[in-house]
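Commentary on secondary and tertiary structure
Listed below are the residues making up each chain.
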Amino acid sequence: MPTGPLDLDLLRRLPKVSLHDHLDGSVRPATLIELASQCNYDGLPTTDADELGTWFFRGADRGSLALYLEGFTHTIALLQDAEALERVAYEYAEDLAADGVVYSEVRFAPLFHTREGLGLDGVLAAVLRGLKRGKEDFRIESRVIVCALRSESAEISSRLADLTTSWLDRGVAGFDLAGEEAGHPPKDHLDAFHTIKRANGSITIHAGEGFGPESIWQALQYCGAHRIGHGTRLMEDMAIWEGKVIRLGRLARFVLDHRVPLEMCLSSNVHTGAVPDLTSHPFPHFLREGFRVTINTDNRLMSGTTMTQEYLLAHQEYGLSLSELERLAVNGINAAFHDYWERRRILHERIVPGYVAAREELAELGMEAGPSLSHGDKEA
Ligand SMILES: [Zn+2]
């Protein structure tokens, strides 16, 4: 049977799980233009949505996390009232559902949205209202991850941890630490992580993106992270020879053995300079060595991408088969900060049937899909 490239339409329809997407990095350009006009904000360089999308992308694709983050000045400035936040959360759900995403966790730093008087609780309530309406209209389950910031004080992180725990059973899935890694170790925010752990909450930490394995090690062994955002530079703890992994360091083995999920983001890692190009990205090694790796967009606006686009990159760049794409979705739902039985329901009602249908579609075209995952593999 010939193996042909999977087309964009099929990739879009495949059920996907998105665990790492920043709300303020994924606003529609057209919405930003409307919000700017409503509040007389004159900071945007154009009122043409296509041009604005390209402008954000060009600003982000400069190989530096600090430069990448510049675009957020504008999105954050325009997301300062409950109405705007509810709107972008609703549109987030609409866009992801149209992209084939069946479960998503969206993250943002509530602190950034309080400049004009909205309180932290008001910020969360507005976003959750938008996601709830999105769920009703587009059949996508979405939950929120609260981001604290490495560059802010430990006291502020603790306040955000308290905020997170008070919303844990009301749509908030977990707690994250984001921002520039170098010079801002996660262990500076230990009290916040302890607050989350004492409340039986879930933790993910951006690590191994702008800094090496030390950052991942601290996130796991000091701060108790359940997942790692990016984890790209864990490759520095493994030896690769002629395209094959020949040795894993102890940290890499820990991540593999303990099934620590890695929220990998291909395009974004190239744009921020975490890797020089897609060819050098360790993602296919992690996947094929059995790590619990997932694929994500990070910032759809800044990186000019979608989940379908990231699936296409993985398929074209690393030759991922349909079964390997299914593995990413299964890893994603198994890694989700959500109730076990809900995850099982989404897996069996949404994900598995989607890949069965895709396999049948490929068979009709005489194309090989790769071996199907066994039942045990799906629950692993
Ligand atoms: Zn991120």
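Notes on the structure follow.

Describing the coordination of the zinc ion
Protein coordination at the zinc ion comes from His20 (NE2), His22 (NE2), His206 (NE2) and Asp298 (OD), with a distance range of 2.1 to 2.3 Å. Motif for the zinc ion, donor spacing along one chain: H-x1-H-x183-H-x91-D. Remark: Asp298 occurs in the loop between β10 (293-295) and α14 (307-318) and His20 occurs in strand β1 (residues 16-22); sequence separation between them is 278 residues. Each member of the pair His20 and Asp298 is classed as buried.

Concerning the side chain of His271
Mapped onto the secondary structure, His271 falls in helix α12 (residues 266-272). Once residues lying within four places of it in the same chain are set aside, the contact partners of His271 are Phe57, Ala60, Asp61, Arg62, Gly63, Ser64, Tyr68 and Ser303.

A few points about the pairing of strand β7 (residues 238-241)
Summarising the sheet, β7 and strand β8 (residues 244-248) pair through four bridges and their orientation is antiparallel. Bridge pairing in β8 links Ala239 to Arg247. Where β7 hands over to β8, the hairpin turn is made up of two residues, of which Glu242 adopts a positive phi near 50°.

Here's the deal with the side chain of Gln80
The topology assignment puts Gln80 in the loop between α5 (72-78) and α6 (82-98). The buried category is assigned to Gln80, whose relative accessible area is 5%. From its side chain, Gln80 meets the backbone oxygen of Ile76 in a polar contact 2.9 Å long. Residues contacting Gln80, with those up to four places away along its chain left out, are Phe112, His113, Thr114, Arg115, Glu116 and Leu118.

What about the sheet that holds β1?
Here we have eight strands laid out as an open sheet, ordered β1-β2-β3-β4-β5-β6-β9-β10, and parallel in their pairing. At either margin of the open sheet sits one strand with a lone partner, and together these are β1 and β10. Between one strand axis and the next, the sheet turns by 25° as a mean value, whatever way the strands run. As paired strands, strand β5 (residues 203-207) and strand β6 (residues 227-230) are joined by four bridges and run parallel to one another. The partner of Ala207 across the bridge, within β6, is His230. The sheet contacts of helix α7 (residues 120-138) involve β2 (101-108), β3 (141-149) and β4 (172-178), and relative to β3 the element is tilted by about 155°.

Reading guide: rules and limits
- Residues numbered from 1 in each chain as written.
- Predicted model: local features only at pLDDT ≥ 70, side-chain atom pairs only at ≥ 80, totals over all residues.
- Heavy atoms only, no water.
- Donors = N, O, S within 2.8 Å, 3.2 Å for Na, K, Ca; no water.
- Helix = DSSP H or I, 4+ residues; strand = E, 2+ residues; numbered from the N terminus.
- Buried < 20%, exposed > 50% of the residue type's maximum accessible area, 1.4 Å probe, protein only.
- Contact = heavy atoms within 4.5 Å.
- Pairing = 2+ DSSP bridges.
- Polar contact = N/O pair within 3.5 Å; in protein donor to acceptor, adjacent residues only side chain to side chain.
- Axes fitted to C-alpha atoms, helices over the stretch in contact; angles between N-to-C directions.

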